[in-house]
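Each chain, letter by letter, is given below.
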Amino acid sequence: MSPSTPRESAATETAAAPTIQTVQRAALVLGSFTVSKPHLSLNEITSRLGASKATAHRYTKALRAANLLRYDERTALYSLGPQVLTLAASARAGLPIVNVAEPYMDELLKRVDETVVLSVWDGETATVVRSVDNTDHIIRIGVRTGSRLDLLNSAQGRVFCTYLPRDQVPGLTKLLRRSPEVEHEYETIREHGLSLNSPDINGVRSIAAPIFEGSSIVAAMAIVGTTVSVSTDVDSPMAQALLETTRALSRRLGNADEGLDSSA
């Protein structure tokens, strides 16, 4: 095969330019949706694209055909489609922390015989990226991968609130001004390196601990069980097993335990 000439290369780049622009515009449309703004009108999408309404409509039609957008005729609003959930799950499954944490989670499961869950910060709250179920129990507690956990009422959410910089947690500064007792809870988490007092929901209790890469939190690991099987005692064998596991994993990621005492 003979090498292409400069003219041929230029022609190829020119032909590829519209394709690149199409991808960039499609990404811009999808990126316009957020947790705080999950629905957009065609006018809003048009404004964000900086194009004509006819152009915006062509993009929304193509994205709907690919199940990346859905349209509600009743409200005339667009939202992200089901295919986005599939892509998000695939992206989370490919995170380096998931592969590194797997053997640690499996070993912890053997030690405590309860469900073990790993979550990461998605910019607004904790999102589950891996869950190992306690399949030997008569009552099985499963946590769905991709679940977005309550920021304040989940053990893992509280861990992220404790160790992330305050400006990275939406609304946290305002919450702490309104509820000073929450600050005391975060101080307790920093003291023990564990979140032990998350609310019990339907007889289910979870305890969680941070995982650091260097001095920055990158994930949280939790044990999920019943109020009977999971103790809130910081000195319980289960709590200590969780703490030992997350600290070992953090050291694997380059943390020398200095992050375990850092403030948010």
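Position numbers for residues count from 1 along each chain, tracking the sequence in the order it is written. At least 70 in pLDDT is required for a residue's local features to be given in this predicted model, at least 80 for side-chain atom pairs to be given and counted, and no such filter applies to totals for whole chains, interfaces and linings, which use all residues. Hydrogens and water molecules were not included; the side-chain quantities draw on all heavy atoms of the structure.

By the naming in an unreviewed UniProt entry, the protein goes by IclR family transcriptional regulator and is assigned to Jatrophihabitans cynanchi.

1. Quick word on the packing of aromatic side chains
Test applied: Each Phe, Tyr or Trp ring (for Trp, its six-membered ring) is paired with any other whose centre lies within 6.5 Å, and the angle between the two planes then decides the class: stacked below 30 degrees, edge-to-face above 60, tilted in between. Each residue is placed in one exposure class: buried if its accessible area under a 1.4 Å probe, protein chains only, is under 20% of its type's maximum, exposed if it is over 50%, and partly exposed if it falls in between. Here a helix means four or more residues in a row that DSSP labels H or I, a strand means two or more in a row labelled E, and each is numbered from the N terminus.
By the definition in use, this model includes three aromatic pairs. Seen in terms of ring centroids, Y71 and Y78 are 4.7 Å apart; in terms of plane orientation they differ by 45 degrees. Their pairing is tilted. Using a relative accessible area of 29% as the deciding quantity, one classes Y71 as partly exposed. On the basis of relative accessible area, Y78 is assigned to the buried category, the value being 4%. Ring geometry for Y163 and F212: centres 5.3 Å apart, planes at 85 degrees, overall edge-to-face. Residue Y163 is located in helix α6 (residues 155-163), and its partner F212 is located in strand β5 (residues 204-213); the two are separated by 49 residues in the primary sequence. With respect to burial, Y163 and F212 carry one shared label: buried.

2. Side note on the sheet that holds strand β4 (residues 126-132)
Note the following rule: DSSP-based pairing: two strands are paired if at least 2 bridges between them are found. Here an angle of 0 to 180 degrees is reported between the N-to-C directions of two axes, which are lines fitted to C-alpha atoms, with helices fitted over the stretch in contact. Between two residues, a contact is recorded if the distance between any of their heavy atoms is within 4.5 Å.
Here four strands make up an open sheet; going across it, the order is β4-β3-β6-β5 and the pairing antiparallel. Unpaired on one side and paired on the other, β4 and β5 mark the two borders of the sheet. The average undirected angle you get between the axes of adjacent strands in this sheet is 25 degrees. Here strand β3 (residues 115-121) pairs with strand β6 (residues 216-226) via five bridges, running antiparallel. Residue V117 lies in a different strand from β6, and its bridge partner there is A222. Of the strands in this sheet, β3, β4, β5 and β6 are in contact with α6, which crosses β5 at around 35 degrees.

3. Focus: the pattern of salt bridges
Pairing between side chains of opposite charge can happen when their charged atoms approach one another. Applied cut-off: Salt bridges are counted wherever a side-chain nitrogen of Lys or Arg sits within 4 Å of a carboxyl oxygen of Asp or Glu.
Across all of its chains, the model carries ten salt bridges by this definition. In this structure, the salt-bridge partner of R130 is D106, at a minimum N-O distance of 3.6 Å. Separated by 24 residues along the polypeptide, R130 in strand β4 and D106 in helix α5 (residues 96-112) bring together distant segments of the chain. Three or more residues joined by partner-sharing salt bridges are found here, namely E102, D106 and R130.

4. Focus on the nonpolar core
Which entries qualify depends on this criterion: Buried Ala, Val, Leu, Ile, Met, Phe, Trp, Tyr and Cys residues form a nonpolar core when they are joined through side-chain atoms within 4.5 Å.
Within the largest apolar cluster, 31 residues are counted, with the highest numbers of intra-cluster contacts made by L118 and M221. Those elements that place two or more of their residues in this core are α5, β3, β4, β5, β6 and α9 (237-252). Broken down by element, this core gets its largest block of residues, nine residues, from α5. Membership of the second largest hydrophobic core comes to 26 residues, among which are A126, V128, F160 and V224.

5. What about the packing of α6 against helix α8 (residues 180-192)?
We apply this condition: An angle below 35 degrees is read as roughly parallel, one above 145 as roughly antiparallel, one from 65 to 115 as roughly perpendicular, and any other as oblique. We call Asp, Glu, Lys and Arg charged. Ala, Val, Leu, Ile, Met, Phe, Trp, Tyr, Cys and Pro are nonpolar, and the rest, Gly among them, are polar.
Closest axis-to-axis distance for the α6/α8 pair is 9 Å, and the angle between their directions is 90 degrees. The angle between α6 and α8 places the two elements in the roughly perpendicular class. Contacts between α6 and α8 involve R158, C161, T162 and Y163 on the former and, on the latter, E185, Y186, I189 and R190. The class makeup of the residues in the contact of α6 with α8 is four nonpolar, one polar and three charged.

6. Thoughts on α5
Since one α-helical turn is 3.6 residues long, residues separated by three or four positions face the same way. Rule in force here: To estimate the expected span of a helix, count its residues, drop one, and scale the result by 1.5 Å.
Between its terminal C-alpha atoms α5 stretches 25 Å, which fits the 24 Å expected from 17 residues at 1.5 Å a residue. Regarding α5, the residues found buried are I97, V98, V100, A101, Y104, M105, L108, L109 and V112. Note on α5: the residue one or two positions beyond its end, D113, has a positive phi of about 55 degrees.

7. Points about the pairing of β3
A large share of β3 lies buried, amounting to seven of its seven residues. Covered by surrounding structure in β3 are T115, V117, S119 and W121 together with V116, L118 and V120, the residues of both alternating faces. The sheet contact formed by β3 and β4 spans six bridges and is antiparallel. Across the sheet, the residue bridging to V120 is T127, located in β4.

8. Points about the pairing of strand β1 (residues 69-72)
One ladder, built from four bridges, connects β1 with strand β2 (residues 77-80); its direction is antiparallel. Its bridge partner lying in β2, Y71 is registered against Y78. Linking β1 to β2, which pair antiparallel, is a turn of four residues; within it A76 sits at a positive phi near 60 degrees.

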